[in-house]
Amino acid sequence: MATGMLLVCGLALFLTIKSNLLHSQQFTISFQRPSDCGVEQFYDISSQSCVKCGPNQCTSATGLSCECVTGFRVLATNGASITCQQCPLEKPAVTEDGYGCILCPGSLTEQGTCQCPSGSILVERDVQGNPLEEARCEVCNGAEPALSAPDSYGDRCQRCQASLINTSQSCMCGSNILAGGMCFPPNNLPTAVNPNVNYAELSLPVQSAWFSTNLYSSAAACLVYTNLTACQALGNMCVMNMHSFSSVVNDACGLYNTIFRATAALGSTQDISYWRANLPWLYYGDQPGLANRVLQTEPLPTGFSFKGHNRNTDINLVAAVYNARGDFLQWEKVGGNNLQLCPDTARRQEAAYTFGTAYQETCVLSVADLLRVYAEPLFYDVFVDLSRGEDRRLLPLPTRNLNQEYNRKFINRGNLNGWYLSRRVLLVDTLSGREKSLGSLPKVIRIASSIRIGFQLVPGTQKGQVFPPLLSVTYSDVLITAPNTQTVSVSFAVDYEMDQTEAHMKTDIALGVLGGVSVLYSLVKTASWKRRIGSPLIDMETVLKFLLFYAGDLANVFFFITVGTGLYWLIFYKAQHFVSVLLPLPGLQEERFVAYVGCAFALKTVQFLHKLIQQLSVDIFFIDWERPRGKANKTIQGNGNGEAKHNPSAVSIWRTYFVANEWNEIQTIRKISPTFQIMAVLFLLEVVGFSSLALRDPWSDLQRPPQSYSPPYSLTLRYGLAATLWLCIGLLQIIFFTAFHERFVEDKIRQFVDLCSISNISVLLLSHRCFGYYIHGRSVHGHADTNMEEMNINLKREAESLCGQRGLLPNTDTQTFQISITSRLRLQYDRILEPLSRRNGPSRLVDAASGHPFDQSTKAYHTMNRFLGSVIDHAHRDMEYVVRDKLFFERVIGMEFMEPMDKSIFYNDESHSFSDVLFYGNEATLLIFDTLFFCVVDLGAQSFILAGVLTYVQQMIFRLIRNGIGRRNLANKTLVDQRFLI
């Protein structure tokens, strides 16, 4: 029976435990805070809940424990809880320690303890520590020799504050001025001070609790008692007021300047006239306008160098640090986060103090974090450490506070000659904006949102000398509304500049000289164009043509000057040992350079479009020299009226179509591979790491560690590097294609000339009205419509010199010519094509009896073919021509001196300059245009990859335009049906 009961109990216990395990997977507690506890409760930090106090107890001031109510003493305590007992009527007061009851000589406080009159201390125990039956109130002796008064706790007498003794020879201030717990005799300071802090960015003055409490006392202690800490505190309040002052003399900076003038007899400190003895150094002089003398008079004694045994790139800055009360804290080496608010790794922050490395760091900080971290501002006096061995010398760093006001105007935002330089900076001020009390949330906080250290190179130096660096600070005023959501942007920068006047002057001289030369060259081009179109008149078209030529020549001037400038900075900045040049600053100093690049691109675009339009409107005709073999004519179907007509020639048109297709294919070939060009440039810039050379630092390393600081890019270096690489790769491609590929692999231009000879077809190209090119393709074998066997025999005979030469003149090989034709020949050319021009014109000009358009085209083709063939064969005495060589000077300036009056002139052209009407002959223009397009996109987007992609797209678009419209022009001008142009 007992065993059965045990089994039942065990089973029940097991099921209970299992049930608890299944249903106790989550635990919740009631959320309570100390503020939720009542008067008779305290907050138990162990259980995190409110617990009721014991009898006769109430919560303490902290809310984390209990204490006895008034009239009760602590009877016992174990550290965790107390027991309270009421004091008897004969001893109604509780001792100060709360453990005893005592009779008071006077009244009681609200807490139930004894209260003594002013000037007395409360004594509750004898000398041995035994409790007294009745407390005593002992009066402190404020007269000589004791000069004592109760301490802040009221339980002992101590010597009076020194200012009271010095002023009144007692512990009473009397009729003197009592401020900040100190006593001051009448002095030169105004008794009513201005405790307002002016937040000029918000147009909001705030009555500062800190200034109300400490401004007058600090100024008076500084002036009257030469209290060094008070002087520093006064200076700090002037810094918190942005060094601003005006005719008002009772604000922080006004009081500082009053004391500065009043203590002139004390002399200066450290032999610096601006640094008054006992006072902090806040200003460079008492009037604005001394900045130029301070910043650009005497350089630093040490020079900087990037390479060699004397390498020196370290910027050593140190700072004396003070708190708001004027206490000196320590000397700090500037680096890390003492002047940099943005969080970052120590290695990246240290890069700011490497000379020549342009440092820029920007971040967004939470206002709540600033309030938590910077409860009290710190003040920094920054110096340049010029130490050499044991001789430690410091150079003060002048400060330009851009928020500083002088007579209600921001004086440091204008010209250098009007600046008012100062000393001492702060980073975050959350103290001066506290309006009601020092423990309240500030109404406004002030943050150093932009800190910039600028170095200026001494003009003409070869030893890396610089003028004293300038610390520029801009503050942002933030009105506190919702600190948990408010943010502020801050930045820290170190940059370097040099006087660019000489560089700009040299650039302007080069532009003036080369611009003048380009005007003359454009005039020569315009004169040549006028001669080639056979028009002696100067009209608006002539002026427009001159401007188009001038745009292209001026674009070349801008291009080569900008490339030269970029290459100059790239080489001389990166390769120098002792610093003698510094990069142009982003913004104003680079604006002119970027404008020159923009001008070069815009003008080159005009020139490129001008050449493109010229190529798309060139006149071209294929002269077929083939003649029918035999006398039989081929009969073809008539025009529908039952008649038959005979084709005057049985010559095949397919050779003409073939030559036309080959011409169509070579219209957009170039001396380089555009795709390879882009890929090679991107490979060198992005993969090999050449883009690192454009960083604003003195190092030439192509690969940088990912954890190191990467400075911003210089637009000048970026452009010079990209343009130089693009041109170098382009020139290497041109040399390779010209010297190797075209000689040993394939030369499409010369192949086209050979094709014309094999096809027995000549090509006439007229790029101008009376000027063009002629490719003599007349076969030396008489016929080209042959079978394979005969073709091979003909080629073999030609290879073995068993037939005549291909040249236009007997016993010559010259097949290509530049031609200047007479106006008579051009008029006849236009006359033959006139019916077709009318057909393409308005319908009212079309002759209805002229026949089918196809018949018109066929008739015009045969007429033009016979006419041009007869001209080449000298069959027209009034349209004769002569063949001669061009003079050297004619080839150099691109102009013919002889005008074709009675006879046309064929100039021998071994260089195949007919390619000028193709992309092939304009490679220089295309290469420069692509270079500028790539660089302009990169300067705008700061991305080489995007620039490469857009350059490729641009090339494809213009190639499609050139092919499409060029094919249409080829069909219209050669009378070849466009359907046969593949």
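Calculation rules
Residues numbered from 1 in each chain as written. Predicted model: local features only at pLDDT ≥ 70, side-chain atom pairs only at ≥ 80, totals over all residues. Heavy atoms only, no water. Helix = DSSP H or I, 4+ residues; strand = E, 2+ residues; numbered from the N terminus. Rg over C-alpha atoms; globule rule 2.2 N^0.38 Å. Buried < 20%, exposed > 50% of the residue type's maximum accessible area, 1.4 Å probe, protein only. Contact = heavy atoms within 4.5 Å. Salt bridge = Lys/Arg side-chain N within 4 Å of Asp/Glu carboxyl O. UniProt positions renumbered as here; feature names shortened; annotations may be inferred. Phe/Tyr/Trp six-rings, centres within 6.5 Å; stacked < 30°, edge-to-face > 60°. Lys NZ or Arg CZ within 6 Å of the ring centre and 35° of its normal. Disulfide = S-S within 2.5 Å. Expected span 1.5 Å × (residues − 1). Bend = angle between axes of the 7 residues up to and from the residue. Polar contact = N/O pair within 3.5 Å; in protein donor to acceptor, adjacent residues only side chain to side chain. Axes fitted to C-alpha atoms, helices over the stretch in contact; angles between N-to-C directions. Parallel < 35°, antiparallel > 145°, perpendicular 65-115°, else oblique. Nonpolar A, V, L, I, M, F, W, Y, C, P; charged D, E, K, R; others polar. Pairing = 2+ DSSP bridges. Patch = residues over 30% accessible without salt bridge, like charges linked within 9 Å, V, L, I, M, F, W, Y side chains within 5 Å. Areas by Shrake-Rupley, 256 points an atom, 1.4 Å probe, with all protein chains shown as cover. Core = buried A, V, L, I, M, F, W, Y, C linked by side-chain atoms within 4.5 Å.

In the nomenclature of an unreviewed UniProt entry, the protein corresponds to Meckelin-like from the organism Salvelinus namaycush.

J.: Break down the overall build of the protein for me, with residues and values.
T.: Counting its secondary structure elements, the protein contains 21 helices and 37 strands. Taking 30 Å as the expected radius of gyration for a compact globule of 982 residues, we find that the protein reaches 48 Å, considerably beyond that expectation. Seen through its C-alpha atoms, the protein measures out along the principal axes to roughly 160 × 110 × 65 Å. A burial count over the protein gives 47% of its 982 residues as buried. Long-range contacts, defined here as pairs at least 24 residues apart, represent 65% of the contacts in the protein between residues at least 6 apart.

J.: Could you give me a rundown of the pattern of salt bridges, with the residues and numbers involved?
T.: Applying the stated criterion across every chain yields a total of 34 salt bridges. Of the charged contacts in the structure, one is a salt bridge between Arg826 and Asp619, with a shortest N-O distance of 2.9 Å. In this pair, Arg826 is assigned in helix H17 (residues 823–840) and Asp619 in strand E30 (residues 619–624), connecting sequence segments 207 residues apart. Each member of the pair, Arg826 as well as Asp619, carries the same accessibility label: buried. Because the salt bridges share partners, they merge into one network encompassing Asp619, Arg826, Asp830 and Lys973.

J.: Can you lay out the side chain of Gln340 for me, pointing to particular residues and giving the numbers?
T.: Relative to the helices and strands, Gln340 is located in the loop between strand E20 (328–333) and helix H7 (346–350). The residues contacting Gln340, other than those within four sequence positions of it, are Gln349, Tyr353, Tyr359 and Phe492.

J.: Got a sec to walk through the UniProt feature "transmembrane region" (unreviewed entry) in the protein? Specific residues and values, please.
T.: Mapped onto this structure's residue numbering, the UniProt feature "transmembrane region" (unreviewed entry) falls at residues 547–573, 676–695, 715–740 and 926–953. What you have in residues 715–740 is 100% helix and 0% strand, and the ends, taken at the C-alpha atoms, are 37 Å apart. With 93% helix and 0% strand, residues 926–953 has its two end C-alpha atoms placed 14 Å apart.

J.: Go over the packing of aromatic side chains, please, and point to the residues and values.
T.: Note on aromatic pairs: each is described by the distance of the centres and the angle between the planes. Overall, the coordinates contain 51 aromatic pairs when judged by the stated rule. Summarising the aromatic geometry, the rings of Phe455 and Tyr496 are spaced 5.3 Å apart at their centres and angled 20 degrees between planes, so their arrangement reads as stacked. One end of the pair, Phe455, is in strand E27 (residues 444–456); the other, Tyr496, is in strand E29 (residues 487–497), and 41 residues separate them in sequence. Here Phe455 falls in the buried class, since its relative accessible area comes to 3%. Ring centres of Phe559 and Phe560 lie 5.2 Å apart, and the angle between their planes is 70 degrees; this geometry places the pair in the edge-to-face category. Residue classification places Phe559 among the buried residues on the basis of a relative accessible area of 0%. Put simply, the rings of Phe304, Phe306, Phe355, Phe455, Tyr496, Tyr573 and Trp699 pair up and form one aromatic cluster. Directly above the ring of Tyr713 sits Arg718, whose terminal nitrogen or CZ lies 4.4 Å from the centroid.

J.: Run through the state of the cysteines, naming residues and quoting values.
T.: Two cysteines whose sulfur atoms are joined by a covalent bond form what is called a disulfide. Per the counting criterion, the structure on display carries 10 disulfides. Each sulfur of the disulfide joining Cys140 and Cys157 lies 1.9 Å from the other. The sign of the -85 degrees torsion about the S-S bond sets the Cys140-Cys157 disulfide as left-handed. Here Cys140 is found in the loop between strand E10 (131–139) and strand E11 (148–150), whereas its partner Cys157 is found in strand E12 (residues 157–159), with 17 residues between them in sequence. Given a relative accessible area of 30%, Cys157 falls into the partly exposed group. Through a disulfide, Cys342 is tied to Cys363; the S-S separation comes to 2.1 Å.

J.: With reference to specific residues and values, describe the environment of Ser449.
T.: Structurally, Ser449 is set in strand E27. Placed 40 residues apart in sequence, Ser449 and Ser489 show a C-alpha to C-alpha distance of 6.3 Å. Other than its neighbours up to four places away in sequence, Ser449 contacts Thr474, Tyr475, Ser476, Ser489, Val490 and Ser491.

J.: An account of the environment of Cys935 is requested, with residue identities and associated values reported.
T.: In this structure, Cys935 sits in helix H20 (residues 923–941). As a C-alpha pair, Cys935 and Gly720 span 215 residues in sequence and 9.0 Å in three-dimensional space. When sequence neighbours within four positions are dropped, the list of residues in contact with Cys935 reads Tyr719, Ala722 and Ala723.

J.: Quick rundown of helix H3 (residues 209–225)? Include the residues and the values.
T.: Taking 1.5 Å of rise per residue, the 17 residues of H3 would be expected to cover 24 Å, and the 24 Å separating its terminal C-alpha atoms lies within 8% of that figure. In the structure, H3 departs most strongly from a straight axis at Leu215, where the bend amounts to approximately 35 degrees. Within H3, 13 of the 17 residues are buried, which leaves it mostly tucked inside the rest of the structure. You can read the cap of H3 off the contacts: a side-chain oxygen lies 3.2 Å from the backbone nitrogen of Trp210, and it is on Ser208. Thr226 sits one or two residues past H3 and shows a positive phi near 50 degrees.

J.: So, unusual backbone geometry: which residues are in play, and what are the values?
T.: With a phi close to 60 degrees, Asn56 is a non-glycine residue in the positive phi region. Counting through the fold element by element, Asn56 comes out in the loop between strand E2 (49–52) and strand E3 (57–59). The backbone phi angle of His243 is positive, close to 60 degrees, even though this residue is not glycine. Topologically, His243 is positioned in the loop between helix H4 (228–240) and helix H5 (252–262).

J.: I'd like a rundown of the packing of helix H12 (residues 654–665) against helix H15 (residues 748–759), residues and numbers included.
T.: When two helices pack together, their arrangement is given by the angle between the helix axes and the distance between those axes. Where H12 contacts H15, the axes come no closer than 10 Å and their chain directions differ by 175 degrees. Taken together, the axes of H12 and H15 lie roughly antiparallel to each other. Across from Arg655, Phe658, Val659, Glu662 and Trp663 in H12, the residues of H15 making contact are Phe752, Leu755, Cys756 and Ser759. The class makeup of the residues in the contact of H12 with H15 is 6 nonpolar, 1 polar and 2 charged.

J.: With reference to specific residues and values, describe the pairing of strand E9 (residues 120–125).
T.: For E9, the buried fraction is high: 5 of the 6 residues fall into the buried class. Here E9 runs beside E10; their pairing, made up of 5 bridges, is antiparallel. From the neighbouring strand, Ser120 faces E10, where its bridge partner is Val139. Two successive antiparallel strands, E9 and E10, enclose a turn made up of 5 residues, where Gly129 displays a positive phi of approximately 95 degrees.

J.: An account of a nonpolar patch on the surface is requested, with residue identities and associated values reported.
T.: On the surface, Ile945, Leu946, Val949, Leu950, Tyr952, Val953, Ile957, Ile961 and Ile965 cluster together to form a nonpolar patch covering roughly 700 Å² of accessible area. By the secondary structure assignment, Ile957 is in helix H21 (residues 944–974).

J.: Describe the environment of Cys728, naming the residues involved and giving the relevant values.
T.: Mapped onto the secondary structure, Cys728 falls in helix H14 (residues 715–745). Judged by its relative accessible area of 40%, Cys728 falls in the partly exposed class. Expressed as a C-alpha distance, the spacing of Cys728 and Val681, which sit 47 residues apart in the sequence, is 9.7 Å.

J.: Before we move on, can you summarise the sheet that holds strand E35 (residues 816–820) with the specific residues and values?
T.: The strand order across the open sheet formed by 6 strands is E30-E33-E34-E35-E37-E36, and the pairing between neighbours is mixed. On the outer flanks of this sheet lie E30 and strand E36 (881–884), each paired with one strand and no other. Going from strand to strand, the sheet's axes swing by 20 degrees on average, the running direction of each strand aside. Pairing of E36 with strand E37 (residues 904–908) involves 4 bridges; the strand directions are parallel. For Arg884, the partnering residue across the bridge sits in E37 and is Tyr907. In the packing of H12 onto the sheet, the strands contacted are E30 and strand E33 (761–766), and the crossing angle to E30 comes to about 145 degrees.

J.: Got a sec to walk through the nonpolar core? Specific residues and values, please.
T.: Membership of the largest hydrophobic core comes to 140 residues, with the highest contact counts inside it found for Tyr353, Phe355, Val382, Ile447, Phe492, Tyr719 and Phe934. Here the element with the most residues in this core is H14; it accounts for 10 residues. Not counting residues up to four positions away in its chain, the partners in contact with Ile447 are Leu341, Leu370, Leu427, Val428, Thr474, Tyr475, Ser476, Val478, Val488 and Val490. Listed in part, the 28 residues of the second largest apolar core include Cys756, Tyr773, Val917 and Tyr920.

J.: So, the side chain of Ser244: which residues are in play, and what are the values?
T.: Along the polypeptide, Ser244 turns up in the loop between H4 and H5. Those residues in contact with Ser244, other than ones at most four positions away along the chain, are Asp251, Cys253, Tyr283, Asn403, Gln404 and Glu405.

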